[in-house]
Amino acid sequence: MKVAVFSTKPYDRLFLDAANEADGGRHQLHYLAAGLTEQTAPLANGAGAVCAFVNDHLDRPALEVLAAGGTRLLALRSAGYNNVDLKAANELGLSVARVPSYSPHAIAEHSVALMLSLNRKIHRAYARVREGNFSLEGLLGFDMRGRAVGIVGTGQIGMAVAGILSGFGCRLLAYDPAPDPGLTALGGRYVELPELLSGADVITLHCPLTPATRHMIGADAVAMMKPGVMLINTSRGAVVDTAAVIAGLKSGKIGYLGLDVYEEEEGLFFEDMSAKMIQDDVFARLLTFPNVLITGHQGFFTKEALEGIARTTIANLSTFEQSGRVAHQLSAVA
Ligand code: NAI
């Protein structure tokens, strides 16, 4: 099948080519550096499938162009699908496949890396030592053991985080409308969201972005948190209201903030912006806090995760080509 692969980087090509070859090389993958928008959608003309990533715009106008150009399958190289207008896709007869699972450990381990780096101030210690400054002033951390960690969303990633932190001896609080019985085996306990927010020393977000979770962490939520709380977000940027979190940082209510995702990350993350002026003043303000650590959506970026994404994406394309169906169909009600 001819596939237009949007938002590709060299590493995407490497892993997709290897997975395609392992599957008999049946797909013609046309790699495009451009992101998918209504304006770039004509680049996919004649491609039966379009392969897209997290910041591609699969909105109605773009989908209409794709459908008119002969596309029948949208194969997402991601687990999240908040960037797809599923209703429009269904109405236009476009099937939507995603990668529901690929090494949740990649994102879970990155979340814990943010926690430990912020706690022990590794980002500051690294810079100090390189400048010959071996003072420990300002680098005081705390033991993770015995701390209450609140996990919002105990799906695959949240449960992997729970597994790691139970090994650290943390007390686990969790909130999820669909609880996982496995959490109790790890010594964790489900509570309502306000109890989690007010009882946790560290709060880590692992829910999808939906209308219900958009700005779930806003001013009201921040007000409920313990003074000096650590907040980690590796889910989707818009789960957090950035303005509310900045106010919390300024007042000292939020003691540590670790982000791998940002509401307005599109056009910023995944690109080398080092020689450009950052135009987003909210993001620039975040960068000024010494207790904020931001990574550019790299939670998924491990060898195992990229192999998993590529393998499932190629399998999704092959299944659709053979049967006209997809293994992990998403519908508007999902
Ligand atoms: P999952 O579908 O296995 O788990 C999501 C969990 O969130 C489910 O248990 C669900 O019941 C729960 N949930 C739904 N609504 C909720 C709410 N209102 N409050 C609390 N929990 C709620 O998904 P998985 O694989 O664990 O991924 C979670 C999210 O992580 C994805 O939706 C995606 O946005 C993000 N992600 C980020 C990556 C990164 O590179 N930073 C990579 C992969 C995923």
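Residues numbered from 1 in each chain as written. Predicted model: local features only at pLDDT ≥ 70, side-chain atom pairs only at ≥ 80, totals over all residues. Heavy atoms only, no water.

Three or more residues of helix H10 (residues 242-251) are buried, namely Thr-242, Ala-244, Val-245, Ile-246, Gly-248 and Leu-249. Gly-252 sits one or two residues past H10 and shows a positive phi near 90°. (Buried < 20%, exposed > 50% of the residue type's maximum accessible area, 1.4 Å probe, protein only. Helix = DSSP H or I, 4+ residues; strand = E, 2+ residues; numbered from the N terminus.)

Turning next to the pattern of salt bridges. Scanning the entire structure with this criterion turns up eight salt bridges. With a shortest N-O distance of 3.3 Å, Asp-23 and Arg-26 are connected by a salt bridge. Residue classification places Asp-23 among the partly exposed residues on the basis of a relative accessible area of 25%. Overall, Arg-26 belongs to the partly exposed group, its relative accessible area being 34%. Across the salt bridge formed by Glu-91 and Lys-87, the nearest N and O atoms sit 3.2 Å from each other. You can see Glu-91 and its partner Lys-87 sitting in helix H3 (residues 86-91), four residues apart, about one turn around the helix. Three or more residues joined by partner-sharing salt bridges are found here, namely Arg-60, Lys-87 and Glu-91. (Salt bridge = Lys/Arg side-chain N within 4 Å of Asp/Glu carboxyl O.)

Attention now moves to the site of the ligand. As a matter of local geometry, the ligand sits amid 24 residues, with Gln-156, Ile-157, Asp-176, Thr-234 and Asp-260 nearest to it. The backbone of Ile-157 places a nitrogen or oxygen atom 2.9 Å from an oxygen atom of the ligand. At a separation of 3.0 Å, a nitrogen atom of the ligand approaches a polar backbone atom of Thr-234. The fraction of the free accessible surface of the ligand (870 Å²) that becomes covered by protein chains is 84%. Looking at side-chain class alone, the shell around the ligand contains eleven nonpolar, ten polar and three charged residues. (Near = heavy atom within 4 Å. Polar contact = N/O pair within 3.5 Å; in protein donor to acceptor, adjacent residues only side chain to side chain. Areas by Shrake-Rupley, 256 points an atom, 1.4 Å probe, with all protein chains shown as cover. Nonpolar A, V, L, I, M, F, W, Y, C, P; charged D, E, K, R; others polar.)

Taken together, the five strands give an open sheet; going across it, the order is S2-S1-S3-S4-S5, and neighbouring strands pair in parallel fashion. The open sheet is flanked by strand S2 (28-31) and strand S5 (95-97), the only strands paired with a single partner. The sheet shows a mean angle of 20° between the axes of neighbouring strands, direction not considered. On the sheet, helix H1 (residues 10-22) packs against strand S1 (2-5) and S2 and is oriented at approximately 175° with respect to S2. (Pairing = 2+ DSSP bridges. Axes fitted to C-alpha atoms, helices over the stretch in contact; angles between N-to-C directions. Contact = heavy atoms within 4.5 Å.)

For the rest of this paragraph, the subject is the state of the cysteines. As used here, a disulfide is simply a covalent bond connecting the sulfur atoms of two cysteines. In this structure the tally under the stated criterion is zero disulfides. This cysteine, Cys-170, is not joined by any disulfide, and Cys-207 carries the nearest cysteine sulfur, 20 Å off. On the basis of relative accessible area, Cys-170 is assigned to the buried category, the value being 9%. In this structure Cys-207 comes out as buried when scored by relative accessible area, which is 10%. (Disulfide = S-S within 2.5 Å.)

On to the layout of surface pockets. Estimated volume of the second largest pocket: approximately 320 Å³. If you go around the second largest pocket, you meet 21 residues; those closest to its centre are Ser-7, Gly-35, Asn-55, Asp-56 and Glu-271. Its residues placed into classes, the lining of the second largest pocket shows nine nonpolar, six polar and six charged. Counting only domains with at least three residues in the lining of the second largest pocket, you end up with domain 1 (2-102 + 302-323) and domain 2 (104-294). (1 Å grid on protein atoms, 1.4 Å probe; cavity = no way out; pocket = protein on both sides within 12 Å on 5 of 7 lines; lining within 4 Å. Points joined across faces, edges and corners; volume = space filled by probe spheres on them. Domains from an automatic or database assignment.)

Turning our attention to the nonpolar core. Ranked by size, the top nonpolar core spans 34 residues in total, and within it Ile-203, Ile-217 and Leu-257 carry the most contacts. When residues of this core are traced back to their parent elements, those giving at least two are helix H8 (193-199), strand S9 (202-205), helix H9 (219-224), strand S10 (229-233), H10, strand S11 (254-259) and helix H11 (281-286). Dropping the residues within four chain positions of it, Ile-217 is found in contact with Leu-197, Leu-205, Val-222, Met-225, Leu-231, Val-239, Val-240, Asp-241 and Val-245. Counting residues in each nonpolar core, the second largest holds 28 residues, with Val-54, Leu-73, Phe-300 and Ala-310 among its members. (Core = buried A, V, L, I, M, F, W, Y, C linked by side-chain atoms within 4.5 Å.)

How big an interface is tends to be expressed through the accessible area that disappears when the partners come together. Domain annotation of the protein chain identifies domain 1 (2-102 + 302-323) and domain 2 (104-294). Distance between the C-alpha centres of domain 1 and domain 2: 30 Å. Opposite the 13 residues of domain 1 that make contact, domain 2 presents ten residues. Across the domain 1/domain 2 interface, buried area totals approximately 980 Å², and carbon plus sulfur atoms make up 48% of it. At the boundary of domain 1 with domain 2, the tally comes to one salt bridge. One salt bridge connects Lys-9 with Glu-271, and the closest N-O pair in it is separated by 3.0 Å. (Buried area = accessible area lost by both parts, 1.4 Å probe.)

The next subject is the sheet that holds strand S12 (residues 292-294). Strand order in the open sheet formed by seven strands is S8-S7-S6-S9-S10-S11-S12, with parallel pairing between adjacent strands. On the outer flanks of this sheet lie strand S8 (189-190) and S12, each paired with one strand and no other. Taken together, the two bridges between strand S7 (residues 171-175) and S8 define a ladder with parallel strand orientation. Directly across from Leu-173, in S8, lies its bridge partner Arg-189. Sheet contacts for helix H6 (residues 156-167): strand S6 (148-152), S7 and S9; angle to S6, the most-contacted strand, approximately 170°. Each of S10, S11 and S12 touches H10; the most contacted strand, S11, lies at about 140° to it.

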